[in-house]
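One letter stands for each residue in the lines below.
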Amino acid sequence: MSRVNDVGGQTGFGELRIEADEPPFHADWEARVYALNGALLRRGVYNLDQFRDAVERIPPQDYLAASYYERWLLAIESLTAELPDG
Amino acid sequence: MADPAFRTGDRVRTRTVDPAHHTRLPRYARGHVGEVVADLGRWPIADESAGGAPDPAAETVYQVRFAARDLWGAGDHHVTIDLWQSYLSPALSPALPPEGEDAT
Amino acid sequence: MTAEHADSRIAVRVARLEERLVAAGLTDDAELEGILSRTLQGASPANGARIVARAWTDDGFRRRLLADAATALPEVGLSMRGGLKVQNLGVVENTATQHHVLVCTLCSCYPIGLLGPSPTWYKSEAYRARVVREPRSVLAEFGLELPDDVEITVHDTSAENRYLVLPRRPEGTSGLTEEQLAALVTRNGLIGTAAV
């Protein structure tokens, strides 16, 4: 079914917020999430399409409320929930 | 449909299917006619790869160009979208008879 | 909850996730540090700028780039390999009558290897929703007013082809070196939200 991420053409998302010279990551945790995702993809724990799928299946209200890397965190948590704790 | 089914310049129609699974045909482009502008080669189908298939089937991906006027009824720009072959079917001109029928 | 408080709670969750994954043997600190440093050092708009400057000064390279960008990239010491997934590159050239702008309406696909991590606005619903529908007004918000006779094409990056815009070479730059030309190219120019 049509998912919350499929926003092309929709209205109501408000103004563009353009930050001049923004850094690649706005907090250390964002960079950690980025790196974790890279490591898990490289290891084959999941593939990029499964990752996108997991992001898309975040409940719509949570998806829209979450920042970009928070969505990544939610997706990675759900994709790795089954893993043993070591 | 044999792969690759389309060539640059062909007019194609996107499917209207609204699948339950991950797909890469945006909703705004469903059921619309566009023109193939490039053959981007064969790629594993995202829909299947997202399901965890270890060796997903691959299909040709085409860059398809749509007029904004067709997509939204307004706009003087164009939008291109990269679409797997199974998202597309030929868009025959209404002036042509359906395949298989006599021209007479 | 304040933004800072929320942020620190997320940081705790990230730390817990990392602990769990390291304990499961799926990664380690060295690998994570390596991924970050490779991205931050190796990938930046300077790469895209280098491609553009070469295309502006070498017409053979420009034609090869437009015909098959992945094959031409090694000529400037760059490559589409080395990423997590095999991807191809399509370079789209702005002209006097054509302007190109990039988006990924479905998520945030972006040529990270060439440009570094994408800006927040590129990943926002506001951009992804609007640019395919009203590109002219979106570009105006970036300060880019295009004449009416310039046709705009928006490229929605929906598969594993990545795009890069080849901006028009600015007037009055014929005396500049390739390095000086590269310094004129901005990240927004490579995405299509600026003229150069």
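Coordinates for the structure precede this section.
Our subject in this report is the structure included herewith. Worth saying up front: this structure is predicted, and the values here are computed from it rather than measured.

## Overview of the overall build of chain B
Across its full length, chain B holds two helices and five strands. The linear arrangement of helices and strands in chain B, starting from the amino end, is β-β-α-β-α-β-β. A total of 104 residues make up chain B; the buried ones form 36% of that total. A separation of at least 24 residues holds for 57% of the contacts in chain B among residues at least 6 apart in sequence.

## A short note on the overall build of chain A
Scanning chain A for helices and strands turns up four helices and zero strands. Counted from the first residue to the last, chain A has its helices and strands arranged as α-α-α-α. Expressed as lengths along the three principal axes of its C-alpha atoms, the size of chain A is roughly 45 × 35 × 20 Å. Here chain A holds 86 residues, and 38% of them are scored as buried. Long-range contacts, defined as pairs at least 24 residues apart, comprise 59% of the intrachain contacts of chain A with a sequence gap of at least 6.

## Comments concerning the nonpolar core
Of all hydrophobic cores here, the largest spans 86 residues; its most connected members are A:Val33, A:Leu36, B:Leu83, C:Val52, C:Val101, C:Val103 and C:Leu164. With eight residues, the top contributor of residues to this core is helix H1 (residues 28-43) of chain A. Composition of this core by domain shows at least three residues from each of domain 1 (3-40) and domain 2 (43-191) of chain C. Each residue touching C:Leu164, except ones within four places of it in the same chain, is listed here: C:Gly48, C:Ile51, C:Leu89, C:Val91, C:Pro111, C:Leu114 and C:Leu190.

## Comments concerning the pairing of strand S3 (residues 58-67) of chain B
All names here are of chain B. Judged from the seven bridges that link them, strand S2 (residues 33-44) and S3 form a sheet pairing that is antiparallel. Residue pairing across strands places Glu-35 opposite Arg-65, the latter belonging to S3. Bridging between S3 and strand S4 (residues 78-84) involves seven bridges; their strand directions are antiparallel. Each residue of the ladder has a partner; that of Val-61, found in S4, is Trp-84.

## Here we look at the interface of chain B and chain C
Taken residue by residue, the interface counts 16 residues in chain B and 17 residues in chain C. If you list the elements that add at least two residues to the side of chain B that touches chain C, you get S2 and S4 of chain B. Counting residues per element, the side of chain B that touches chain C draws most heavily on S4(B), which supplies six residues. Tallied by class, residues from the side of chain B that touches chain C come to nine nonpolar, five polar and two charged.

## What to know about helix H3 (residues 45-57) of chain C
With 13 residues, H3(C) should cover 18 Å at 1.5 Å per step; its first-to-last C-alpha distance of 19 Å lies within 8% of that length. In this fold, the buried residues of H3(C) make contact with helix H4 (59-67), helix H6 (112-115), strand S4 (161-166), helix H10 (178-182) and helix H11 (187-191) of chain C.

## Some thoughts on the interface of chain C and chain A
Across the boundary between the two partners, chain C contributes 41 residues, which contact 42 residues of chain A. Secondary-structure elements contributing two or more residues to the side of chain C that touches chain A are helix H1 (3-23), helix H2 (29-42), helix H7 (120-123), helix H8 (125-130) and helix H9 (135-141) of chain C. Counting residues per element, the side of chain C that touches chain A draws most heavily on H1(C), which supplies 10 residues. Split by residue class, the side of chain C that touches chain A holds 24 nonpolar, five polar and 12 charged.

## What to know about the environment of B:Val79
Within the secondary structure, B:Val79 sits in strand S4. The sequence separation of B:Val79 and B:Val64 amounts to 15 residues, and the corresponding C-alpha distance is 8.2 Å. Once you skip the residues sitting within four places of it in the chain, B:Val79 turns out to touch B:Phe66, B:Ala68, B:Leu71, C:Val132, C:Val154 and C:Asp156.

## Re H1(C)
Here H1(C) is 21 residues long and its end C-alpha atoms lie 30 Å apart, about the 30 Å a rise of 1.5 Å per residue gives. Those residues of H1(C) lying buried are C:Val14, C:Glu18 and C:Leu21. One side of H1(C) carries all its buried residues, which in axial view fall inside an arc of 65°. Away from the buried face of H1(C) by more than 90 degrees, exposed residues C:His5, C:Arg9, C:Val12, C:Arg16, C:Glu19 and C:Ala23 are located. Contacts from the buried residues of H1(C) go to H1 and helix H4 (68-79) of chain A. Once H1(C) ends, the next one or two residues include C:Gly25, with phi positive near 75°.

## A word on the sheet that holds strand S3 (residues 151-156) of chain C
Sheet architecture is open: seven strands sit in the order S5(B)-S1(B)-S2(B)-S3(B)-S4(B)-S3(C)-S2(C), paired in mixed fashion. Strands with a single pairing partner mark the edges of an open sheet, and in this sheet they are strand S5 (88-90) of chain B together with strand S2 (98-103) of chain C. Strand-to-strand twist across the sheet, computed as the mean angle between neighbouring axes with direction ignored, equals 35°. Relative to S3(C), S2(C) runs parallel, the two being bridged by six bridges. Across the sheet, the residue bridging to C:Gln98 is C:Glu151, located in S3(C).

Parameters and conventions
- Residues numbered from 1 in each chain as written.
- Chains lettered and ligands numbered in written order.
- Predicted model: local features only at pLDDT ≥ 70, side-chain atom pairs only at ≥ 80, totals over all residues.
- Helix = DSSP H or I, 4+ residues; strand = E, 2+ residues; numbered from the N terminus.
- Buried ≥ 20, exposed ≤ 12 C-beta atoms within 10 Å, placed from the backbone.
- Contact = placed C-beta atoms within 7 Å.
- Core = buried A, V, L, I, M, F, W, Y, C linked by C-beta atoms within 7 Å.
- Domains from an automatic or database assignment.
- Pairing = 2+ DSSP bridges.
- Nonpolar A, V, L, I, M, F, W, Y, C, P; charged D, E, K, R; others polar.
- Expected span 1.5 Å × (residues − 1).
- Arc of directions from axis to C-beta.
- Axes fitted to C-alpha atoms, helices over the stretch in contact; angles between N-to-C directions.

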